Amino acid sequence: MIHKHTLIEATMAGAAVMKEYFDKQYTISSKSSLNDLVTEVDHKSEEAIFNVIKKHFPSHNILSEESGPVIQESHYKWIIDPIDGTINYANGIPICCVSIGLERNGVMEMGAVYNPFLGEFFFAQRGFGATLNEKKLHVSDTTDLKKSCLVTGFPYTYLDAPNGPIQVFEKLVRKGIPVRRLGSAAIDLCWVAAGRFDGFYEHKLQAWDSAAGFLIVLEAGGKVTDFAGKEYNHYQPGIIATNGKIHDSLYKLVNGGEVE
Ligand code: IPD
Ligand code: CA
Ligand code: CA
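All residue numbers refer to position in the chain's written sequence, counted from 1. Think of it this way: whatever chain is written first is A, whatever ligand is written first is 1, and the rest follow in order. Local features in this predicted model are restricted to residues whose pLDDT is 70 or higher, and side-chain atom pairs enter the listing and the counts only when it is 80 or higher, whereas totals over whole chains, interfaces and linings include all residues. By convention in this description, side-chain values take in all heavy atoms of the structure and omit both hydrogens and water.

Colleague: Mind showing me how you'd approach the overall build of the protein here?
Modeller: What counts as a helix is a DSSP run of H or I of at least four residues, what counts as a strand is a run of E of at least two, and both are numbered from the N terminus. A tally of regular secondary structure across the protein gives seven helices and 14 strands. For a compact globule the rule gives 2.2 Å times the number of residues to the power 0.38, and the radius of gyration it is set against comes from C-alpha atoms. In terms of C-alpha radius of gyration, the protein reaches 17 Å, essentially the compact-globule figure of 18 Å for 260 residues. For the protein, the spread of C-alpha atoms along the principal axes amounts to about 50 × 40 × 35 Å. The contacts in the protein between residues at least 6 apart in sequence include a share of 61% that link residues at least 24 apart. What makes two residues a contact is simply this: any of their non-hydrogen atoms within 4.5 Å.

Okay, here's the thing in structure tokens:
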């Protein structure tokens with residue numbers, strides 16, 4: 001229970017910082033590429049989250065996007081994205097969130113994603129289901145990829161590979177299948193869990209983008225694999241997360257197949 005309380009407290013602490021600075025002036029700089037941004041608020045949110053976790057669990061490991069990892073002798077690791085959707089945030093687009101997952105011995109045990117602008121708090125605990133503002137979540141019932149509403153994201157640096165993001169996107173768009181691009185992988189995953197999207201795929205994510213969200217999809221009754229079709233591991237770059245019913249069709253498509 002103490003883990004859950006800490007997870008919620010930490011998520012809320014980061015989100016409070018996001019809200020506080022949304023309309024204010026803050027510095028923005030580039031990371032891996034011109035448009036891979038980090039703002040002063042990412043760092044402030046991260047600091048607020050760290051303060052909560054370190055207060056309750058000073059010996060736990062931490063992997064957080066904007067700082068080096070904290071590696072200690074612990075079975076637990078907190079995986080943190082202090083703002084998922086930084087480009088949205090920096091442009092005043094309120095589709096962004098704090099995302100925190102808690103891993104035990106390499107297995108994701110709990111995850112929380114909070115978008116303070118929509119007031120949507122997503123939570124899952126392994127084996128106990130997933131919720132949105134304490135209401136149980138379930139993935140959609142759509143069985144046909146051709147009738148699906150999908151979401152994806154694109155990496156900051158163009159991925160020039162066969163079956164890359166543009167090729168897969170093009171195949172879907174050519175068939176008239178709606179594919180959204182929200183700009184926050186954590187929210188994309190939660191919206192699959194909520195049944196708003198039937199499926200999500202992305203070629204290159206980091207552990208902090210998906211740590212909480214993938215568990216939320218699984219606990220909402222969905223299916224999550226890597227691009228090889230194996231059980232998803234958040235240290236793998238590729239992710240396919242669906243309601244389960246369209247999974248095989250989407251899996252074939254990202255591997256070079258056609259829309260069936
Ligand atoms: C990004 C978002 C985006 C995804 C990128 C991520 P950030 O995270 O989740 O939706 O397409 O791959 O890097 O940089 O906003 O934390
Ligand atoms: Ca992210
Ligand atoms: Ca981030």
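Colleague: I tried to follow the nonpolar core on my own but got confused; where do I start?
Modeller: Within soluble globular proteins, side chains that are nonpolar tend to cluster in buried spots. Of all hydrophobic cores here, the largest spans 37 residues; its most connected members are Val 113, Phe 122, Leu 137, Phe 200, Ile 216 and Ile 239. Residues from two domains meet in this core; each of domain 1 (2-136) and domain 2 (145-254) gives at least three. If we ignore the near neighbours within four places in the chain, the residues touching Ile 216 are Gly 111, Val 113, Phe 122, Phe 123, Ala 124, Ala 130, Leu 137, Cys 190 and Ala 193. In terms of nonpolar packing, the next biggest core, distinct from the first, is built from 30 residues, Leu 7, Tyr 21, Ile 49 and Ile 62 among them. The nonpolar core is taken to be a set of buried Ala, Val, Leu, Ile, Met, Phe, Trp, Tyr and Cys residues, with the residues joined through side-chain atoms within 4.5 Å. Classification of residues uses two cut-offs on accessible area relative to the type maximum, computed with a 1.4 Å probe and protein chains only: under 20% is buried, over 50% is exposed, and between them is partly exposed. These domain limits were set by an automatic method or by a database of domain assignments.

Colleague: It is not clear to me how the pattern of salt bridges should be interpreted in this structure. Could you clarify?
Modeller: Side chains that carry opposite charge are capable of pairing whenever their charged atoms lie near each other. Take a side-chain nitrogen of Lys or Arg and a carboxyl oxygen of Asp or Glu: if they are within 4 Å of each other, that pair is a salt bridge. Taken as a whole and assessed by the stated rule, the structure comprises nine salt bridges. Here Lys 31 makes a salt bridge to Glu 65, at a shortest N to O gap of 3.0 Å. Of this pair, Lys 31 sits in the loop between β1 (28-30) and β2 (37-39) while Glu 65 is found in the loop between β3 (61-64) and β4 (76-84), placing the two residues 34 residues apart along the sequence. For Glu 65, a relative accessible area of 23% corresponds to the partly exposed category. Here Lys 171 and Glu 258 are joined by a salt bridge, their closest N and O atoms 3.7 Å apart. With a gap of 87 residues between them, Lys 171 in helix α4 (residues 165-174) and Glu 258 in the segment after α7 (247-254) connect regions that are remote in the sequence. Here the residues in one salt-bridge network are Lys 31, Glu 65 and Glu 66, joined through shared partners.

Colleague: Help me understand the layout of surface pockets in this model?
Modeller: By volume, the largest pocket amounts to about 650 Å³. Cavities and pockets were defined on a 1 Å grid built from protein atoms only: a cavity is a group of points that admits a 1.4 Å probe but offers it no way out, a pocket is an open group of points flanked by protein on both sides within 12 Å along at least five of seven lines, and a lining residue is one with an atom within 4 Å of any such point. Around the largest pocket, the lining is made up of 30 residues, and of these Asp 36, Phe 154, Pro 155, Tyr 156 and Asp 209 lie nearest the centre. For the lining of the largest pocket, the secondary-structure elements that each account for two or more residues are β4, α3 (86-90), α5 (185-193) and α6 (207-219). All residues other than Ala, Val, Leu, Ile, Met, Phe, Trp, Tyr, Cys, Pro, Asp, Glu, Lys and Arg, Gly among them, are scored as polar; the first ten of these are nonpolar and the last four charged. For the lining of the largest pocket, the class distribution of residues is nine nonpolar, 10 polar and 11 charged. Each of domain 1 (2-136) and domain 2 (145-254) gives at least three residues to the lining of the largest pocket. Grid points are joined across faces, edges and corners, and a volume is the space filled by probe spheres set on the points.

Colleague: Which parts of the structure should I look at to understand α4?
Modeller: Among the residues of α4, those classed as buried are Pro 165, Val 168, Lys 171 and Leu 172. An end-on view of α4 places all buried positions within 140 degrees of arc, on one side of the element. In the stretch just after α4, Gly 176 is the one whose phi turns positive, near 75 degrees. The arc in question is the one traced by the directions running from the helix axis out to the C-beta atoms.

Colleague: Just checking my understanding: could you explain the environment of Gly 213 for this structure?
Modeller: Here Gly 213 lies in helix α6. Take Gly 213: its relative accessible area is 0%, and that puts it in the buried class. In this structure, the C-alpha to C-alpha distance between Gly 213 and Ala 15, residues 198 residues apart in sequence, is 16 Å. With sequence-adjacent residues up to four places away left out, Gly 213 is seen in contact with Val 113 and Leu 189.

Colleague: Please explain the coordination of the calcium ion (ligand 2) as it appears in this structure.
Modeller: The donor set covers N, O and S atoms within 2.8 Å of the metal, switching to 3.2 Å for Na, K and Ca, and it leaves out water, so a site may look short of donors. Within the first shell, the calcium ion (ligand 2) binds the protein through Asp 81 (OD), Asp 84 (OD) and Asp 209 (OD), at distances of 2.1 to 2.2 Å. Each donor residue of the calcium ion (ligand 2) belongs to the same chain, and together they define the spacing D-x2-D-x124-D. Here the calcium ion (ligand 3) and the calcium ion (ligand 2) are spaced 3.7 Å from one another, each receiving a donor from Asp 81. Taken as a pair, Asp 81 in strand β4 and Asp 209 in helix α6 lie far apart in primary sequence, 128 residues in all.

Colleague: It is not clear to me how the site of ligand 1 should be interpreted in this structure. Could you clarify?
Modeller: Any residue with at least one heavy atom within 4 Å of a molecule or strand is counted as near it. Residues in contact with ligand 1 amount to 17 residues; listed here are only the nearest, Asp 84, Gly 85, Thr 86, Tyr 156 and Glu 202. Pairing of N or O atoms within 3.5 Å defines a polar contact, subject to two protein rules: one partner must be a possible hydrogen donor and the other a possible acceptor, and residues neighboring in sequence count only if both atoms are side-chain atoms. Here Gly 85 contributes a backbone N or O atom positioned 2.7 Å from an oxygen atom of ligand 1. One of the backbone nitrogen or oxygen atoms of Gly 183 is found 3.2 Å away from an oxygen atom of ligand 1. In the complex, 94% of the free accessible area of ligand 1, which totals 380 Å², lies under the protein chains. If you count residues domain by domain, the shell around ligand 1 takes at least three from each of domain 1 (2-136) and domain 2 (145-254). We get accessible surface area from the Shrake-Rupley algorithm with a probe of 1.4 Å; when it comes to residues, only the shown protein chains can shield them.

Everything listed here is a matter of coordinates, which is why it stays silent on function.
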